[in-house]
Amino acid sequence: MSYEARILRDRHEATVDADGRAARFAEDGSVALLVQTKAVALYPSSANAFFACSPVRIDGLETEGGAATFIADPTRTFFVYNLGSRVPPVGAKLIAQSCAGRWTFRFEG
Amino acid sequence: MPGSFDFDPYDAPLSSPAASVCVCRYDPTQTGDARYSALPNVRCEQIQYREGPEPPAARFAYVLDGADASAPAPNDFGGLWPIDADGPYVVRNDDRLVVLGVSPSGTNRVLFDGFAQSPRVDLTERSQRVGFLAVGAAVRCWDAPIGGRRQRHADDPVDGDVVAVELPSRFNPDGRPNCTPDGADVGRDDPSSSHPVFLDPDVDRVPDPRTYWTLGKFVRYILGVYNDQSYVNNPDFEQLDALLQSRPPAEGSAFVDMTEGADKGYSAADVVVRDFDATNTPWPEALAAQLDHAGFGLRFVTGEDGAGSPRNDIEIYRKDADDAGLIRELLLPEAGDDLNPARCNVSAMHLHRDARPIVNAVTVETDQRRVELSVVLAPGFTPAVGDETSSNRAQFLRANLAAAAGEAQRKYRYYVADEAGDGHWDQTGASWSTTALDLSPVFPDDENGGATYVKRLRAGSSSLITRDAQGRPLRAQLAVSRNYSGAAPAVWDGTGDWQPISGGWELLEDRLGVFIAVEDPDAWPIGEFTGTHPQEPSRTLRAVTSQANPAAPNTRFVLRLTTVVDDDLMVPAAVDARPASPTKFSRRRRIDARDHFGMETVAARSAFNNGDAPLVLRDDTARALAWADQLRSAHELPPLTGSVTIPSLITAYRVGDRVARINGRDVGMQTNVGSDQGESPVYPVISAVSWEFAADRQATVVELTDARADAID
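Numbers given to residues run from 1 along each chain, matching the order in which its sequence is written. Labels are handed out in written order, letters beginning with A for the chains and numbers beginning with 1 for the ligands. At least 70 in pLDDT is required for a residue's local features to be given in this predicted model, at least 80 for side-chain atom pairs to be given and counted, and no such filter applies to totals for whole chains, interfaces and linings, which use all residues.

All right, on to the overall build of chain B then. Where helices and strands are cited, they refer to DSSP runs of H or I of at least four residues and of E of at least two residues respectively, numbered from the N terminus. Of regular secondary structure, chain B possesses seven helices and 41 strands. Over its C-alpha atoms, taken along the principal directions, chain B stretches across nearly 120 × 60 × 55 Å.

As structure tokens, this is what we get:
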């Protein structure tokens, strides 16, 4: 095999490798989670505060009028800021959004 | 019971009757003697058989007798040469001719069977000469080149139907196997004619049904599919695979002794066909291309079928020390003796042994070995307290990077293994470090304590060597840990709990590491992990806060990248010179086979191998060594070239036969050494035989091998 062919082959392999390394670039937008508030130590008494939450998963038959069951994961705790004007009760189920670097929800009662 | 006897032939007369040579037109549609029509006005001047993809050829001349104007045969080129010339004494284009040799004892022998082509006229002021060339019946094998291929359905590689498709006849493309499984040949009930077919090279299945095309399989496929045996008969396929194996010395020996059998005198390994596209090539040339490359030969042989008709066969043979082929001797009386034809059959001889093309050591250059490993990355930037505040971290948003300076562009996004020592953030010392990654756990020193790798950049691969349950390669994986307490960067030591990250990152193009490609690195969506020991309870990772000012719950994290990198070594596929080589120097050649052979391992204590030893998932060492052995075998001896003229028609010497010695002069023709150590002798191979009948004489000219003079590549 000629020297030129070897170089061409190396270039081709490098191109293929570089293409493979390229990211599957996709912006996910705002990430959302269904969460349930809980008390880890001292539950906040004011509305505008970070609340401890656990993620919740929903189960149930997807038919009109069907009921759902909720399964919280108490082993996972993270903190979500309430943008609303009311304090959610412990165990409230809310939709949290990851916005501007922090998790948030809005609870208006 | 062994015995011996002495034979001292009586002096033969100095002359004896020549064999008569008869040219006939042959019609296979007739029966009995009606098949042959003698052509008394045609004389055969020469017949030549050559080794390789060349059909036999013969040269003929018309006997033009102008003395008898009433003779039925034309005596002028005007009655013979025009394309519309016709008659019982005119040989037309494509007429099938057979040359019969009749010995003084009356035995017929078919010397040539072929088709008339290339009529020629040489007219001078004093003479006219009309003749033509004929090419052996094997030329019909060139009529249709290879096109398309026979491929079996992928859903049933063993018993599925075989379809003739218009896909290229490319064998082992890019080093991938694309032959049907062993034992799944077409027509496997009859081993004398069974052959494998193609299989989709992209089949990705466990167990892998694909096999590599070996030389034996390749030859059986080409002959079985493309030679319909209308003119040339195939050899028995049953022994082909064994015949076309590499036969290096047995373990622990430097010599090859073919007489001891495969268990003692030599080892045997299949020779894998390298990436080869036979499309648009006549099948004899495709066959010869692969056989020549590995040091094997092919010949076309003409004889009689036992029922009075000519028969043509293709035969394949070894040219190394295999003792299965015929061995011939030449006769030359001792110097000063009286001429005795019983002890002399050489009238002229030219021999030349050329040691210059010898290659007795071969290194097969393979692809770099590839290793899947897990490496803990370090920040390729300097974290700074305060960067995590909402006002400061805005500068690290992706949309703001265009206006950012170099360091800010990398901040909180650029994690490296630092395999070349370009620099990384050392969390332990809270300082910038240029200590390169230690890869010795993956590339350990050799047995002499020497390094086996050099510190250099090694970009990772997006595909892993490890495969999933369906046999598909996994993608490179990034994982996060908050409780790993080992070094970073470092080859992962197996400690810590790790949570896979679903996306938002890409491999660095020029080095081992990752770039966090999300819009906001402080809200990096890493996927929701519900496995054991989660390292991030939410779905986002605070990549700025956790590095710049880590505090619960955003404690500092480390990233572990599992990917594949190149080793700096190749597969160890080198064979050294054997003592049987007739030169005292080691003359090595390197053969580029990077597209074909490789080795892939999963390093110990990596994400998909928690054992203490590497997992070898692909190892072409044996195949590469077999290739090296066969190339050495084909080129380690000096080609002995030359010709020997025997002053009579001798049919005992055939292309492919080996000439062992010149009796009477005690001259051995062996081209290797080491007989005392058990090395089987290698003799020059007859590469061409010509019978000449011109100028009122008969002679047989034997040409000795020149095939090994071909360049090795």
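Attention now moves to the overall build of chain A. Helix and strand counts for chain A stand at one helix and six strands. Secondary structure of chain A in N-to-C order comes out as α-β-β-β-β-β-β. Any two residues are considered in contact once their C-beta atoms, placed from the backbone, lie within 7 Å. Of the contacts formed within chain A by residues at least 6 apart in sequence, a portion of 46% connects residues at least 24 apart.

As a further point, take the interface of chain B and chain A. Between chain B and chain A, the contact holds 25 residues from the first and 22 residues from the second. Of all elements in the fold, only α4 (390-393) and β28 (505-507) of chain B reach the threshold of two or more residues within the side of chain B that touches chain A. With three residues, β28(B) is the single largest residue contributor to the side of chain B that touches chain A. Following the grouping adopted for this structure description, the nonpolar residues are Ala, Val, Leu, Ile, Met, Phe, Trp, Tyr, Cys and Pro, the charged ones are Asp, Glu, Lys and Arg, and the polar ones are all others, Gly among them. When the residues that make up the side of chain B that touches chain A are grouped by side-chain class, the tally is nine nonpolar, seven polar and nine charged.

Within the secondary structure layout, A:D10 lies in helix α1 (residues 3-21). Any residue whose C-beta has 12 or fewer other C-beta atoms within 10 Å is treated as exposed, any with 20 or more as buried, and any in between as partly exposed, C-beta atoms being built from the backbone. Residue A:D10 is classed as exposed on the basis of its 11 C-beta neighbours within 10 Å.

Next up on the list: the pairing of strand β1 (residues 20-26) of chain B. Residues and elements named next belong to chain B. Here, a strand pair is defined by DSSP locating no fewer than two bridges between the strands. Examined bridge by bridge, β1 and strand β5 (residues 96-102) share six bridges and lie antiparallel to one another. Looking at the pairing, C22 lines up with L100 of β5. Pairing analysis gives three bridges linking β1 to strand β2 (residues 36-38), with the strands arranged antiparallel. Within β2, the residue paired with R25 across the bridge is S37.

Residue and element names in this part refer to chain B. Pairing is antiparallel in the open sheet, where eleven strands are placed in the order β2-β1-β5-β6-β7-β4-β3-β40-β41-β37-β17. Of all strands in the sheet, those with a lone pairing partner are β2 and β17 (348-353), marking the two edges. Neighbour-to-neighbour, the strand axes of this sheet turn through a mean angle of 25 degrees, independent of strand direction. Here, axes are lines fitted to C-alpha atoms. For helices the fit covers the stretch in contact, and angles between N-to-C directions go from 0 to 180 degrees.

Residues and elements named next belong to chain B. Running from amino to carboxyl end, helix α1 (residues 215-226) crosses helix α3 (residues 283-293) at an angle of 175 degrees, the nearest separation of the two axes being 10 Å. Comparing the axis directions of α1 and α3 gives the class roughly antiparallel. Facing α1, whose interface residues are L215, F218, V219, I222 and Y226, α3 presents W283, A286, L287 and Q290. Across the contact of α1 with α3, the residue classes tally to eight nonpolar, one polar and no charged. In what follows, roughly perpendicular refers to angles from 65 to 115 degrees, roughly parallel to angles under 35, roughly antiparallel to angles over 145, and oblique to any angle outside these ranges.

All right, on to the nonpolar core then. Soluble globular proteins tend to bury their nonpolar side chains together. Residue and element names in this part refer to chain B. One nonpolar core equals one set of buried Ala, Val, Leu, Ile, Met, Phe, Trp, Tyr and Cys residues connected by C-beta atoms within 7 Å. Counting 76 residues, the largest nonpolar core has V219, I222, V364, A624, W627 and A628 as the members making the most contacts within it. Sorting elements by how many residues they give to this core places α1 first, with eight residues. A domain-level breakdown of this core finds at least three residues from each of domain 1 (20-142) and domain 2 (149-243 + 274-318). With residues near it in sequence (within four places) discarded, W627 still touches V271, V272, V364 and A593. V375, W425, V442 and A459 belong to the second largest nonpolar core, which has 51 residues in total. Boundary definitions for the domains trace back to an automatic or database domain assignment.

Turning our eyes to something else, we now look at the sheet that holds strand β33 (residues 574-575) of chain B. Residue and element names in this part refer to chain B. Taken in spatial order, the three strands line up as β33-β18-β34 in an open sheet, and their pairing is mixed. Pairing within the sheet leaves two strands with one partner each, and these edge strands are β33 and β34 (588-592). Contacting β18 (361-365), β33 and β34, helix α7 (residues 621-635) runs over the sheet at an angle of about 145 degrees to β18.

When the pLDDT values of chain B are averaged, the result is 88; 94% of them are 70 or greater. The complex prediction reports pTM at 0.71, with the ipTM value standing at 0.74. The quantity called pLDDT is the predictor's confidence in a given residue, expressed from 0 to 100.

Turning next to unusual backbone geometry. All names here are of chain B. The peptide bond linking A488 to P489 adopts the cis configuration, its omega dihedral lying at 5 degrees. Within the secondary structure, P489 is located in the loop between β25 (477-481) and β26 (490-491). Each neighbour pair has its own omega, and for A552 with P553 the value is 5 degrees, a cis peptide bond. Structurally, the position occupied by P553 is in the loop between α6 (545-548) and β32 (558-570).

Bringing the environment of A:A72 into the picture now. Residue and element names in this part refer to chain A. Looking at where A72 falls in the secondary structure, it is placed in strand β3 (residues 69-72). A sequence separation of 15 residues divides A72 from R57, and the C-alpha atoms of the two residues are 6.3 Å apart. If we ignore the near neighbours within four places in the chain, the residues touching A72 are Q36, S54 and V56.

So, on to α1(B). Residue and element names in this part refer to chain B. What a helix is expected to span follows from its residue count: subtract one and scale by 1.5 Å. With twelve residues, α1 extends 16 Å between its outermost C-alpha atoms, agreeing within 8% with the 16 Å of an ideal straight helix rising 1.5 Å per residue. Burial analysis of α1 places twelve of its twelve residues in the buried class, the great majority of the element. Listed in full, the buried residues belonging to α1 are L215, G216, K217, F218, V219, R220, Y221, I222, L223, G224, V225 and Y226.

So, on to the pairing of strand β14 (residues 296-304) of chain B. Both faces of the sheet carry side chains from a regular strand, because those side chains alternate between them. Here β14(B) pairs with strand β15 (residues 310-318) of chain B via nine bridges, running antiparallel. Paired with B:R299 across the two strands is B:E315, which belongs to β15(B).

Here we take up the confidence of the model for chain A. Per-chain confidence: chain A averages 86 in pLDDT, with 90% of residues scoring 70 or above. Taking the mean pLDDT of every element in chain A, the minimum, 76, falls on α1(A) and the maximum, 95, on strand β4 (residues 78-82) of chain A.

All right, on to α3(B) then. Along an α-helix, residues three or four apart share an orientation, since each turn contains 3.6 residues. Residue and element names in this part refer to chain B. Of all eleven residues in α3, eight are buried, a share of seventy percent or more. Within α3, the full set of buried residues consists of W283, P284, A286, L287, A288, Q290, L291 and H293. Those residues of α3 that are buried are in contact with α1, β13 (276-277), β14 and β15. Looking one or two places after α3, you find G295, whose phi comes out positive at around 90 degrees.

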